[in-house]
Structures are given as C-alpha cells and as structure tokens.
Amino acid sequence: MAAPVVPSSFQIYNSYVEDPKWQIKFTIIWCSGLALAVAVSVPSLILGLRHERSLKGIAGISEINGYQPAHFDGKEPPPTRQRRPRLVGAWNALISPTYWSPPKLGLNLGQIIVLSAYLAAVLVCIIKDAPLISNPNRAGFLALAQFPVVFLFATKNSILSLLLGPGNGYEKLNFMHRMAGRAMFLGGCIHGSLWIRNHLQYGLAILGPQKETSGVASLALLCIIVLTSLRPVRRLFYECFFAVHVLTYVAFFVTICYHTLYASPWIFPPLAFYGADVLLRLFRYRIKDATLTAQDAHMTLIRVHNCDDGWLSGQHVRLRVFFSNRVFESHPFTILSASPSHSCLSSPGLLLAARSDGDWTRALNNYTRQQQERLQINEKSSGDSGAFVQVMLDGPYGGSSVDLGLYESVFLVAGGSGVTFTLGLLDDIVGRCVKLGRSQEERTRRIEFTWFIGSFGQIEWFAPMLIDIATAASNSTIDLHISIFVTCLCVPEAVPDIPNSIVTLSRPSIQNILKDFISVPSSSEKEDSIETRCEDSQKLMGLGGGVAVCASGPESLTRDAQNAVARLGLTMGMDVGGIALHTELFTL
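Residues numbered from 1 in each chain as written. Predicted model: local features only at pLDDT ≥ 70, side-chain atom pairs only at ≥ 80, totals over all residues. Heavy atoms only, no water.

Undergrad: When you look at the overall build of the chain in this model, what are you seeing that I'm missing?
TA: When helices and strands are counted, the chain shows 17 helices and 12 strands. In the chain, buried positions account for 51% of the 588 residues. Relative to all contacts within the chain whose residues are 6 or more apart in sequence, the contacts with residues 24 or more apart total 76%. When the accessible surface of the chain is split by element, carbon and sulfur atoms take 62% of a total near 27,600 Å². (Helix = DSSP H or I, 4+ residues; strand = E, 2+ residues; numbered from the N terminus. Buried < 20%, exposed > 50% of the residue type's maximum accessible area, 1.4 Å probe, protein only. Contact = heavy atoms within 4.5 Å. Areas by Shrake-Rupley, 256 points an atom, 1.4 Å probe, with all protein chains shown as cover.)

Put into structure tokens, the structure is as follows:
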C-alpha cells in the first residue's frame with residue numbers, strides 16, 4: 001500500500017530544495033539568449049575570420065623587422081552590382097530602429113530591449129510561486145545566480161568578444177555587466193530587507209549570529225559596490241571607484257560564503273573568467289619605447305616604437321606611461337593609424353593621441369612640454385623634439401564591428417578627439433584600396449569624412465595625417481571628401497591646405513549630412529552638365545552597394561548618428577543596399 005501524499009496546499013515550502021531549481025531555470029534563460037546572440041553573429045564571425053579580422057591582435061601587438069609596405073597595383077574596384085542581396089538590405093532596414101537612442105540614458109533601443117528582457121526574467125524567477133514575505137530566500141538565490149553574468153560581461157578578454165565577432169569588445173558588453181550587478185543588488189535588497197522585517201516582527205536578533213551578521217555585512221558591501229559604481233562617481237573619482245570596486249568585491253566574496261554554503265558553486269565561474277582574463281593579459285602586455293610630442297597645451301601625440309602589426313584600425317590599447325609618479329595609472333587610447341604594411345602616413349607606426357581632459361593627461365602634456373623645452377635648450381635647436389619614455393601596452397581591444405571594405409559608400413563622423421577612431425578607419429580603408437590594391441576585393445568607392453571641432457587650432461593636431469591620406473586617395477579610385485565644421489563663434493584662422501577638404505563655421509545636422517551623402521552619386525558618375533548634376537542631386541544613390549556609418553565622439557554626437565541611421569534606415573535602407581552603423585563612445 002502506497003504512502004499517503006500530503007496535499008500541496010498543506011506542504012511546507014522548502015526553499016533549499018525549490019529555490020536552487022529557479023537558479024537553474026534563470027541560468028538556462030540567459031544562456032539561451034546568449035546562444036541566440038552568438039547564432040545571429042555567426043555570419044559576421046565567419047566573415048571576420050575570412051578577412052583575418054576576428055583573431056587580429058589576440059596575441060597582442062607584434063614587431064616584424066624589416067617589413068615592406070605594399071604598393072598600389074592599379075587594381076580597379078570590383079564591378080558594381082546593381083543591388084546587394086535584398087536579404088542584406090532587408091536585415092539592415094529591419095534592425096535600424098534598434099539604433100534609436102533616447103537622451104541621457106546612453107543606451108539604444110536594442111540595448112533597452114535586452115535589459116528589459118533580462119530584468120523581466122530576474123523578476124519572474126524571484127516572484128513566481130515564492131512566498132517572499134514569509135521566506136524571501138528565493139531573492140537571495142537569484143542574487144547569487146548573477147555572479148557568472150557579472151564577471152562574464154566585465155572581463156576585458158572575454159570569450160564573448162570573440163564569439164560575437166569583431167567590434168564587440170568589453171566596452172560594448174559592459175552595459176550587461178552593470179545590469180547584472182544591479183539585479184544582484186535588487187535580489188539582495190529584497191532578500192535582506194524582508195528577513196530583517198521578519199526578525200523585527202518576531203523579536204529575533206539581527207546582529208550576533210554568524211548567518212545574520214555575515215548577511216548584513218554582505219548587503220552593506222553590495223550597497224557600497226553599487227553606489228560607488230554610479231556614473232557621476234565613476235567620472236569624477238575613477239581611481240577611487242576602481243580600487244573600491246576590486247577590494248569590496250573580494251570582501252563580498254568572503255562574507256557571502258560565510259553567509260550561506262549555497263554561494264560557493266556560484267563563485268567558481270567568476271574566478272575562472274577572471275583568471276583567464278589575467279592570464280591572457282600577461283601574454284598581451286608589451287613594454288616599448290615611445291616618443292611624446294606636445295602639439296599644444298591640449299594634445300599630446302604618442303608614437304610607440306617597434307610596433308608593426310597586431311591591431312586593427314579603430315582598436316584601442318590601455319596605456320601606462322612611466323613618467324614622474326604616475327606609473328601605476330593606465331588609460332585607454334584609440335590607435336589612430338593603420339598597420340605600417342598599408343598605412344598612408346609618411347611616418348607609419350603605432351600612434352596614440354591624448355587630449356588634456358583629466359589630471360593624468362594634463363600631467364602628461366606638462367611633462368612632455370617641459371622635456372621638449374629642455375631638449376631644445378640643450379641642443380640649441382628650434383625644431384620639434386620629442387620626450388623619450390617607456391610605456392606598457394595592454395591590448396588591443398574593441399574595434400569597429402563594420403568592415404568598411406564591404407560597402408561602396410562610407411560615412412565617417414567624429415567630434416573633437418573622437419577623430420582618433422575615424423582617422424584610423426580612414427587610414428585603413430584608403431590604404432587597403434590604394435596600397436594593397438584591394439587585395440580582399442574591397443568595394444569602397446566614396447568616403448565622406450566629417451569632423452566637428454571647437455576651434456580652428458584643433459585642425460593642426462592631425463592635419464599632417466589628413467594631408468597624407470587625402471594625397472594618397474587623390475590619384476586613386478577612391479572619391480574622398482573631408483568636411484571640417486568649426487562649431488565655436490570665433491574668428492577664422494589660417495588652416496592647412498588639405499586636398500579635397502572644406503572648413504566652415506557651422507554645425508549642421510548629422511541626419512542632413514548623411515541624407516545628402518547617400519542621395520548624391522560619386523563625382524565620377526555625375527554628368528558634365530549642370531542640369532544633370534542638379535537632377536542627380538535629387539535622386540537617391542542607385543548603386544545599392546550599401547552604406548557604412550561610423551561615428552565617434554561625445555554622447556550627443558553618437559546619439560545623433562544613431563537616430564539618423566534609425567530614421568534613414570527605414571526609409572532609404574533597402575534602396576541603398578542597407579545602412580550599417582558602428583558608434584564609439586568610451587565613457588566611464
């Protein structure tokens with residue numbers, strides 16, 4: 001005779017049996033979403049592997065002695081197809097609304113949807129069939145389940161950056177790290193506050209017993225981690241934030257393991273992710289000689305010697321300069337040049353630019369100018385002299401998710417020092433088409449390079465590089481046009497003579513510039529008559545070879561670029577063969 005079964009309505013809820021099941025369910029949910037994202041990225045990953053972009057720089061910056069730059073072999077671009085595959089244009093038009101970005105949030109619609117789905121999954125797993133008032137353990141269990149997500153999306157050398165294809169570095173994934181951390185904080189607050197309520201209701205001690213004391217300590221540490229991670233704190237006191245973040249998490253690991261035995265299994269994945277990150281960094285560190293050159297009081301150029309390969313244009317490195325007493329600080333800087341094998345610059349190499357915005361960059365600029373003045377006095381020379389230092393490189397990381405060579409039209413827009421990103425892309429795509437002779441069947445024909453700056457003096461920062469690139473493109477099949485917009489109300493000054501460029505005192509809308517760009521065919525396709533040119537300017541570009549848009553700079557500029565592509569992608573995306581977008585905004 002079978003044992004009697006107690007009706008479910010009379011059974012006591014056993015959280016130590018039921019709640020771990022919801023941890024597993026939640027893990028299956030986010031792993032499934034991640035697998036879907038990786039599956040969608042497979043074509044991009046395969047294309048990146050085929051063009052040797054996906055694995056570029058995985059072993060760090062390299063030195064190739066005696067490299068021989070390639071030369072233009074006169075190869076014309078591949079014959080223009082009347083249409084790219086309609087599936088490509090349809091896909092770009094379909095995802096274009098996800099680029100839309102509301103003000104102040106720093107997120108686009110696609111990211112907002114992902115975060116909303118993640119938060120909904122967390123809340124459902126916390127609330128579903130859980131007696132939270134009498135037993136809030138479920139929220140604590142779900143807080144523990146956030147550990148793998150927090151560290152998977154935080155480490156700089158994450159397997160996700162490789163699986164999601166080029167251009168998806170840690171800085172692009174960090175928004176998920178922040179959300180998982182806040183979800184952990186939410187679960188911890190629900191768990192802790194309800195337990196404190198129950199202890200007060202029944203007259204039980206909140207502090208004293210190990211479980212209660214370690215629980216309160218864990219919640220306090222988690223509050224410190226979250227509050228010191230808010231954007232204003234990160235921007236104003238980054239060094240303090242970083243130190244507190246690392247040390248507090250170590251303490252949190254210890255206290256949470258004292259609080260519950262169920263925490264230990266969830267600690268191991270973060271330790272594995274972090275250990276792999278540290279190990280890969282050790283293989284990617286490079287100590288090099290470098291020359292510092294102060295352009296003025298606001299910009300310092302850094303030329304790192306004996307670096308010939310191992311990076312893609314648009315990638316960045318974390319730089320540590322051994323000067324004064326600032327040897328323990330490292331900061332991210334975008335590489336503003338292509339590899340010497342195909343760079344258009346007269347003096348190719350690994351070039352970085354540091355604008356004097358913070359304490360470290362101002363100290364670097366002051367040190368450089370002092371050294372330059374000392375060298376000029378000692379050598380009695382009026383020529384430019386550089387300060388020689390040693391630097392440590394960590395990287396490269398990030399890069400562009402859009403391969404410009406796959407698109408016939410390229411629109412690059414930057415604001416201020418964000419031009420380091422687009423300048424590197426410009427050097428790369430012109431070099432691939434001119435110096436390498438379109439060896440990978442690059443289709444690029446038209447390039448619009450747009451730069452918004454606050455004063456005429458900023459043009460001098462990168463004028464020699466722009467002149468080198470524009471000169472290389474002038475006698476090729478590339479139709480390059482450079483537009484520089486000075487946004488200040490200042491007196492016009494003398495500007496360098498950059499081929500095929502225009503400098504104006506205005507601040508036009510990015511949407512209008514982009515719309516004009518994709519609406520006007522290249523100069524080689526226009527008729528000689530004025531009437532035909534006027535008619536063509538009103539017609540949509542009929543090549544259908546696709547448009548690549550890359551934007552870099554302050555948040556307001558990248559948001560305008562995202563919103564412009566979101567609007568035009570729906571109305572014109574199919575006609576031009578799709579509009580692809582990559583934005584670069586490195587914020588704390």
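Undergrad: Please clarify how the environment of R446 should be interpreted in this entry.
TA: Its place among the elements puts R446 in strand β8 (residues 446-453). Exposure remark for R446: the relative accessible area of 5% places this residue in the buried category.

Undergrad: I would appreciate a short explanation of the packing of aromatic side chains in the present structure.
TA: Under the definition given, this model contains 20 aromatic pairs. Judged by centre distance (5.7 Å) and plane angle (50 degrees), the ring pair of Y238 and F241 falls under tilted. Taken together, the positions of Y238 and F241, both in helix α10 (residues 238-259) and three residues apart, correspond to about one turn of that helix. A residue is classified by how much of its surface remains accessible, and Y238, at 24% relative accessible area, is partly exposed. Aromatic side chains F411 and F517 sit 5.8 Å apart centroid to centroid with 35 degrees between the ring planes, which places their arrangement in the tilted category. With F411 in strand β7 (residues 409-415) and F517 in helix α15 (residues 510-519), this pair connects stretches of sequence that are 106 residues apart. By way of ring pairs, the aromatic residues F147, F151, Y249, F252 and F253 are connected into one cluster. Above the plane of the ring of Y170 lies K156, whose end atom (NZ or CZ) is 4.9 Å from the centre. (Phe/Tyr/Trp six-rings, centres within 6.5 Å; stacked < 30°, edge-to-face > 60°. Lys NZ or Arg CZ within 6 Å of the ring centre and 35° of its normal.)

Undergrad: Would you explain the sheet that holds strand β3 (residues 315-321) in this entry?
TA: Two orientations exist for strands paired in a sheet by backbone hydrogen bonds: parallel and antiparallel. The antiparallel open sheet is built from six strands, whose spatial order is β4-β3-β6-β1-β2-β5. Edge positions in the sheet fall to β4 (331-334) and β5 (350-355), since each of these pairs with one other strand and no more. Here the strands of the sheet are splayed against their neighbours by 40 degrees on average, with no regard to which way each runs. Relative to strand β6 (residues 387-398), strand β1 (residues 286-294) is paired through seven bridges, and the arrangement is antiparallel. (Pairing = 2+ DSSP bridges. Axes fitted to C-alpha atoms, helices over the stretch in contact; angles between N-to-C directions.)

Undergrad: For this particular structure, what's the right way to read the side chain of D309?
TA: Its place among the elements puts D309 in the loop between β2 (299-304) and β3. Of note is the side chain of D309, whose polar atom sits 2.9 Å from the side chain of K56. Setting aside chain neighbours within four positions, we find D309 in contact with K56, I61, S62, I64 and S339. (Polar contact = N/O pair within 3.5 Å; in protein donor to acceptor, adjacent residues only side chain to side chain.)

Undergrad: What's the story with the sheet that holds strand β9 (residues 479-486) in this structure? I'm lost.
TA: If you trace the six strands from one edge of the open sheet to the other, you get β10-β9-β8-β7-β11-β12, paired in parallel fashion. If you trace the sheet from one side to the other, it starts and ends with β10 (501-505) and β12 (579-584), each paired once. On average, each strand axis in the sheet is inclined to that of its neighbour by 15 degrees, with strand direction left out of account. Relative to β10, β9 is paired through five bridges, and the arrangement is parallel.

Undergrad: In this structure, what is going on with the pattern of salt bridges? I would like to understand it.
TA: As a working rule, side chains carrying opposite charge can pair if their charged atoms are close by. Per the stated rule, a full pass over the model turns up 11 salt bridges. Among the ionic pairs, D309 bridges to K56, the shortest N-O distance being 2.9 Å. Of the two residues, D309 is situated in the loop between β2 and β3 and K56 in the loop between α1 (15-50) and α2 (86-95); the sequence distance between them amounts to 253 residues. Sharing partners across several salt bridges, the network here consists of D403, D428, R432 and E442. (Salt bridge = Lys/Arg side-chain N within 4 Å of Asp/Glu carboxyl O.)

Undergrad: Explain unusual backbone geometry here, please?
TA: The general pattern is negative phi for most residues beyond glycine and trans for most peptide bonds. Following G395, the chain continues to P396 via a peptide bond in cis, the omega torsion being 15 degrees. Among the secondary structure elements, P396 is positioned in strand β6. For E52, which is not glycine, the phi dihedral falls at a positive 60 degrees. Mapping E52 onto the fold places it in the loop between α1 and α2. Phi at D129 is positive, roughly 55 degrees, even though this residue is not glycine. Position of D129 relative to the elements: it lies in the loop between α3 (109-127) and α4 (137-144). D129 sits in the exposed class, given a relative accessible area of 59%.

Undergrad: How do you make sense of the environment of I287 when you look at a structure like this?
TA: Position of I287 relative to the elements: it lies in strand β1. By relative accessible area, I287 is classed as exposed at 52%. When neighbours within four sequence positions are excluded, I287 is seen to be in contact with Q390, V391 and M392.

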